[in-house]
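# Understanding the architecture of this molecule
Here's the letter readout for the chains.
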Amino acid sequence: MNVLLTGGAGYIGSHVLRALTGAGHTCTVYDSLVKGHAQAVHDADLVVADVADAAALANALREYRIDTVVHFAAFIEAGESVQQPEKYFRNNTAAALTLLETMRGCGVGRLVFSSTAAVYGTPDRVPIEETDRLAPINPYGSSKLCVEYMLRAYAEAYGMGFVSLRYFNVAGAHPNADIGEDHHPETHLVPLVLAAAMGKRTGVKIFGDDYDGPDGTCIRDYIHVCDLADAHVLAAHGVRPGEVRVFNLGNGEGFSVREVIETCREVTGRDIPAEIAPRRAGDPPRLVASSRKAMDELGWRPRFPKLRTIITDAWNWHREHPEGYGS
Ligand SMILES: NC(=O)c1ccc[n+]([C@@H]2O[C@H](COP(=O)([O-])OP(=O)(O)OC[C@H]3O[C@@H](n4cnc5c(N)ncnc54)[C@H](O)[C@@H]3O)[C@@H](O)[C@H]2O)c1
């Protein structure tokens, strides 16, 4: 396949780039670098442009003879999306419409989309299945769900084929430790806790310890970024004309915030001060995926399901790159 990765210079995109290239596909990264890092794509072709720029996008699709797009490019901070919803609907939803229209104009009919567990909002039950209620509780989740609706309409009207992957909490880094997570600002738990282990932060805050559950802290499902990357290779092969196939991607096991911090203490051997803070509005108590469908239909099998492995790989990346790609 000739694959265009929008947002391929970001955390997840750079790991998927490595997996797709390893599987023998020809890859081109298309990223504005508004958040990503040119170093993360190593020697892959990189077009520095915005997805909202239809002319640049059409040029890239034609020049690199693209047949499949993997669309990561988006803003990802749920909290910020509450304060600035227009930023999220513009970049995550409106730019995705530009992408679909440009693909259609260039005769490119296959796309894998980065969706999110945030489309479920606060679930009625766990583990969550793909057919469960979709009820996002922030503009970030809504901006992604809007794209899923567009995919449905485009598949039906124009016969284009899509796979939408709903990721749960992505963490870890490539075992080579040469690519990893480097978000600014960082809002994800594992890198924040590891930054505290490195002494870059004074400690971590636990938002609420009075939820229903074993230790009162929120429960999340962590997936290794390389397992997620493997799923994209399978998904790219699994695109079918005229269909939208939707898959959850998680490990099917929940870990509490306290368990994550404790595992980070064990892996790093460092003291990590943690302080209890009030609950954050809009934090679902428990998010755990059923990924049965991805296993049954795509043949996906996580290679690194253990929380300890996920955190060890993240730690190796951060230790070797204390300032991220700027190290
Ligand atoms: N990280 C997670 O845990 C997680 C969970 C669920 C879903 N997702 C989704 O996965 C995708 C990738 O997330 P990530 O953690 O790698 O984020 P990231 O910020 O590291 O990567 C996003 C990349 O997209 C680029 N980008 C953003 N807007 C662009 C635009 N308009 N044109 C061109 N490039 C643009 C950025 O420069 C960046 O390189 C996102 O769509 C996100 O919503 C992430």
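All values reported here derive from a predicted model rather than from experimental measurement.

Burial analysis of strand S2 (residues 26-30) places 4 of its 5 residues in the buried class, which makes it a mostly covered element. In terms of strand pairing, strand S1 (residues 2-6) meets S2 through 5 bridges, oriented parallel. In the sheet register, Val3 faces S2, and the bridge partner there is Cys27. The sheet contact formed by S2 and strand S3 (residues 45-47) spans 3 bridges and is parallel. What sits directly across from Tyr30, in S3, is Val47.

Within the largest apolar cluster, 35 residues are counted, with the highest numbers of intra-cluster contacts made by Ile12 and Leu249. Secondary-structure elements contributing two or more residues to this core are S1, helix H1 (11-22), S2, strand S6 (161-167), helix H7 (225-237), strand S11 (244-249) and helix H9 (292-298). When residues of this core are assigned to their parent elements, the largest contribution, 8 residues, is made by H7. Excluding its chain neighbours within four sequence positions, the residues that come into contact with Leu249 are Leu165, Arg166, Tyr167, Phe168, Ile223, Leu228, Ala231, Ser291, Ala294 and Trp300. Judged by nonpolar contacts, the second largest core, of 27 residues, contains Tyr30, Leu100, Val147 and Ala155.

Here we come to the environment of His174. Mapped onto the fold, His174 is located in the loop between strand S7 (169-171) and helix H6 (189-197). On a C-alpha basis, the gap between His174 and Val225 in space is 7.5 Å, while along the polypeptide they are 51 residues apart. Once residues lying within four places of it in the same chain are set aside, the contact partners of His174 are His15, Arg18, Ile179 and Cys226.

In this section: the site of the ligand. Around the ligand sit 29 residues, and of these Asp31, Phe72, Asn91, Tyr140 and Lys144 come closest. For the ligand, an oxygen atom lies 2.6 Å from a polar atom in the side chain of Tyr140. At 3.0 Å, a side-chain N or O of His183 approaches an oxygen atom of the ligand. Bound to the protein, the ligand loses 96% of the 830 Å² it would expose on its own. At the level of elements, H1, strand S5 (110-116) and helix H5 (139-158) are the ones that each hand at least two residues to the shell around the ligand. Per element, the largest residue contribution to the shell around the ligand is 3 residues, and it comes from S5.

The rules behind each value
Residues numbered from 1 in each chain as written. Predicted model: local features only at pLDDT ≥ 70, side-chain atom pairs only at ≥ 80, totals over all residues. Heavy atoms only, no water. Buried < 20%, exposed > 50% of the residue type's maximum accessible area, 1.4 Å probe, protein only. Helix = DSSP H or I, 4+ residues; strand = E, 2+ residues; numbered from the N terminus. Pairing = 2+ DSSP bridges. Core = buried A, V, L, I, M, F, W, Y, C linked by side-chain atoms within 4.5 Å. Contact = heavy atoms within 4.5 Å. Near = heavy atom within 4 Å. Polar contact = N/O pair within 3.5 Å; in protein donor to acceptor, adjacent residues only side chain to side chain. Areas by Shrake-Rupley, 256 points an atom, 1.4 Å probe, with all protein chains shown as cover.

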